[in-house]
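Inside the fold
What follows is each chain in one-letter form.
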Amino acid sequence: MCRWYSFNFNISWDAQERPKTWVDIFIIDTIVREVILQKKSEILLWRIHRRWARDVHGHELTFDCFTNEEAASEVEKTIRDSHAFEVLHERGGLVNGLKVIPGETDTRGLTYKENWPESLKKAWPYYINGCCEMFLHLIDALRGGNNVPADISEAEQYYTRVNNELVQIWQHYGSDSFFHHVSGIFGYEPLYAQPRTLLVF
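A short tour of the structure in this document, coming up. Being a predicted model, the structure only gives us computed values, none of them experimental.

With respect to the helices, strands and loops of the structure, Thr-78 is situated in helix 2 (residues 69-81). What makes Thr-78 buried here is its relative accessible area of 13%. Excluding its chain neighbours within four sequence positions, the residues that come into contact with Thr-78 are Glu-34, Val-35 and Gln-38.

Here's what the structure looks like:
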């Protein structure tokens, strides 16, 4: 039986510092990429989620997979055995290592908006899966085929640059490349954005 499995990376975040957002990209480009390359045929759906706030969760990257128990165990092993995870763990980049949380057996279990209609809950996991695949390809394109630096200090500089370029793409081209084209799929009908004002992208 398949269910959602959340693989949570709690990233160290000192009280007086900004979050190390480059670590997210490092994990996605190395650990998540390795899992997808090895286990894609056994993972029906997946997504990544980044967040940082001064609360109990702090700075957290979550890699969600909808798969069976055996495959989830193999995903966990792949993560723990990866060089990137070992380096982060040894250098204090992660708090409490890796947390694995089994979730619901319904693909809709990933959606957290109770007010969404059932049709949207069923379809949305496929949408976010595609977005995350695109994000992985975008990171790869920005890397330009270069190898991941072996030294963590070099990796910080390298992935800080990649993260900054991702931010630039989002800020300067996100409206056209993402919002506009999704709007086109829905026939350019206006929508209620936050705050709830009727807009056309």
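After that view of the structure, there is still more to cover.
Turning to helix 3 (residues 83-90), a few remarks are in order. Every buried residue of helix 3 is accounted for by Ala-84, Phe-85, Val-87 and Leu-88. Each buried residue of helix 3 lies within a common arc of 165° when the element is viewed along its axis, so the set occupies one face. Across helix 3 from its buried face, at more than 90 degrees, point the exposed residues His-83 and Glu-90. Here the buried face of helix 3 lies against strand 1 (2-11), helix 1 (21-39), helix 2, strand 4 (94-102) and helix 5 (152-185).

Our next topic: the nonpolar core. With 48 residues, the main nonpolar core has Phe-7, Phe-9, Ile-27, Trp-46, Phe-63 and Ile-79 as its most contacted residues. For this core, the element with the highest residue contribution is helix 1, accounting for 10 residues. Other than its neighbours up to four places away in sequence, Phe-7 contacts Leu-61, Thr-62, Phe-63, Cys-65, Ala-72, Val-75, Glu-76, Ile-79, Leu-98, Lys-99 and Val-100.

A few words on the pattern of salt bridges. The full count for this structure, using the stated rule, is 17 salt bridges. Residue Arg-80 is joined to Glu-76 by a salt bridge in which the shortest nitrogen-to-oxygen separation is 3.0 Å. Taken together, the residues span about one helical turn, with Arg-80 and Glu-76 both in helix 2 at a distance of four residues. Each member of the salt-bridge network shares a partner with another, and the members are Asp-106, Arg-108, Glu-114, Glu-118 and Lys-121.

A few words on the environment of Tyr-126. Inspection of the secondary structure assignment puts Tyr-126 in helix 4 (residues 118-143). Residue class for Tyr-126 comes out exposed when judged on its relative accessible area of 53%. C-alpha separation for the pair Tyr-126 and Thr-107, spaced 19 residues apart in sequence, amounts to 9.4 Å.

Before going further, it helps to examine the sheet that holds strand 3 (residues 59-68). Strand order in the open sheet formed by four strands is 2-3-1-4, with antiparallel pairing between adjacent strands. With partners counted over all chains shown, the strands left at the sheet margins are strand 2 (45-52) and strand 4, one partner each. Taken over all neighbouring pairs, the strand axes of this sheet differ in orientation by 15° on average, direction set aside. Of the strand pairs in this sheet, strand 2 and strand 3 are connected by eight bridges, and their pairing is antiparallel.

Analysis parameters
Residues numbered from 1 in each chain as written. Predicted model: local features only at pLDDT ≥ 70, side-chain atom pairs only at ≥ 80, totals over all residues. Heavy atoms only, no water. Helix = DSSP H or I, 4+ residues; strand = E, 2+ residues; numbered from the N terminus. Buried < 20%, exposed > 50% of the residue type's maximum accessible area, 1.4 Å probe, protein only. Contact = heavy atoms within 4.5 Å. Arc of directions from axis to C-beta. Core = buried A, V, L, I, M, F, W, Y, C linked by side-chain atoms within 4.5 Å. Salt bridge = Lys/Arg side-chain N within 4 Å of Asp/Glu carboxyl O. Pairing = 2+ DSSP bridges. Axes fitted to C-alpha atoms, helices over the stretch in contact; angles between N-to-C directions.

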